[in-house]
Amino acid sequence: MNENIDFAGRDILLDTNLLVILIIGFTNPLLFKSSRFAEYKFSDFELLREITVNCRRCLTTPSIIAEASNIFDKAGYWAEACRKILAKLLQEWVEVYIESKQLLSGPDSALALTLGVADGSTLGPARGGALILTADGPLAAWLSNMGQDVQEFKVIRNIWNNL
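What you are looking at is a predicted structure, and each value in this text was computed from that prediction instead of being measured.

Draft legend 1. Layout of the environment of Gln102. Mapped onto the elements, Gln102 comes out in helix H5 (residues 100–105). The exposure class assigned to Gln102 is partly exposed, which follows from its relative accessible area of 42%.

Quick look at the structure:
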C-alpha cells in the first residue's frame, strides 16, 4: 500500500462503506451526527468527494451498489433520498459486472467466500488497474497480499489531515 497517492488519472473503486459515506454527505450532512454513522465525519465526505472529483473514473459493482442500498435503511427517513443520490452518481460512474457464480466458485472465490460477495467483487476492477479505497482492514490486507493496488481510508484520512 502506497502512502503517497495521486488520484488524478486513476480509476478508483470505493468499497461499500465509503460509497455510503459519500452518499450520506451529499444527502444530509446531519446524518453524521446519528449514532448509525458516528464512525465517520463530514470531513470524511469532503475527502471522498475530493477524491472522486479528481480521479479519472469512479468504478463500482452491482454487489457494492446492492449492499449500499440496503445500508441506506439505517438513514431512516433519508433512505429514499440516499438512493436517489446513488442513482445520480451511477449516471457518471462505471459499473463493472462480475457474475456472482464467478465470484463464489471461480478461481479467486476464496475472497468472496471469506469476506463476502461485495468485497469479492472488488478484485476484478483491481486487476483491471483500479485503486481500491476501503475502510475494511481485512479487505485491504487480502487485496494487498494478492499484489493489488489498495489503500485503507484511514491512511488517506491521516495524510489529508496532516496537509
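Here the narrative resumes.
Draft legend 2. Seen up close, helix H9 (residues 137–145). Taken as a whole, H9 has its buried residues at Leu139, Ala140 and Leu143. Down the axis of H9, the buried set is contained in an arc of 100 degrees. They therefore lie on one face. On its buried face, H9 is in contact with helix H6 (109–115), helix H7 (117–120), helix H8 (123–127), strand S4 (131–134) and strand S5 (150–152). Positioned one or two residues after H9, Gly147 has a phi angle of 80 degrees, which is positive.

Draft legend 3. Seen up close, the pairing of S4. Of the two faces of S4, the one holding Leu131 and Leu133 and the one holding Ile132 and Thr134 are both buried throughout. Pairing between strand S1 (residues 11–14) and S4: three bridges, direction parallel. Each bridged residue has a counterpart across the sheet, and for Ile12 the counterpart in S4 is Leu131. For S4 and S5, the ladder comprises three bridges, and the chain directions are parallel. Each residue of the ladder has a partner; that of Thr134, found in S5, is Glu152. Once you follow S4 into H9 and on to S5, the crossover reads as right-handed.

Draft legend 4. Just the sheet that holds strand S2 (residues 57–60), in detail. Strand order in this open sheet of five strands is S3-S2-S1-S4-S5, and the pairing throughout is parallel. Each edge of the open sheet carries a strand with a single partner, namely strand S3 (94–95) and S5. Most of the contacts of helix H10 (residues 153–161) go to S5, to which it runs at about 65 degrees, and overall it touches S4 and S5.

About the criteria used
- Residues numbered from 1 in each chain as written.
- Predicted model: local features only at pLDDT ≥ 70, side-chain atom pairs only at ≥ 80, totals over all residues.
- Heavy atoms only, no water.
- Helix = DSSP H or I, 4+ residues; strand = E, 2+ residues; numbered from the N terminus.
- Buried < 20%, exposed > 50% of the residue type's maximum accessible area, 1.4 Å probe, protein only.
- Arc of directions from axis to C-beta.
- Contact = heavy atoms within 4.5 Å.
- Pairing = 2+ DSSP bridges.
- Right-handed = clockwise from strand over helix to strand, strands pointing away.
- Axes fitted to C-alpha atoms, helices over the stretch in contact; angles between N-to-C directions.

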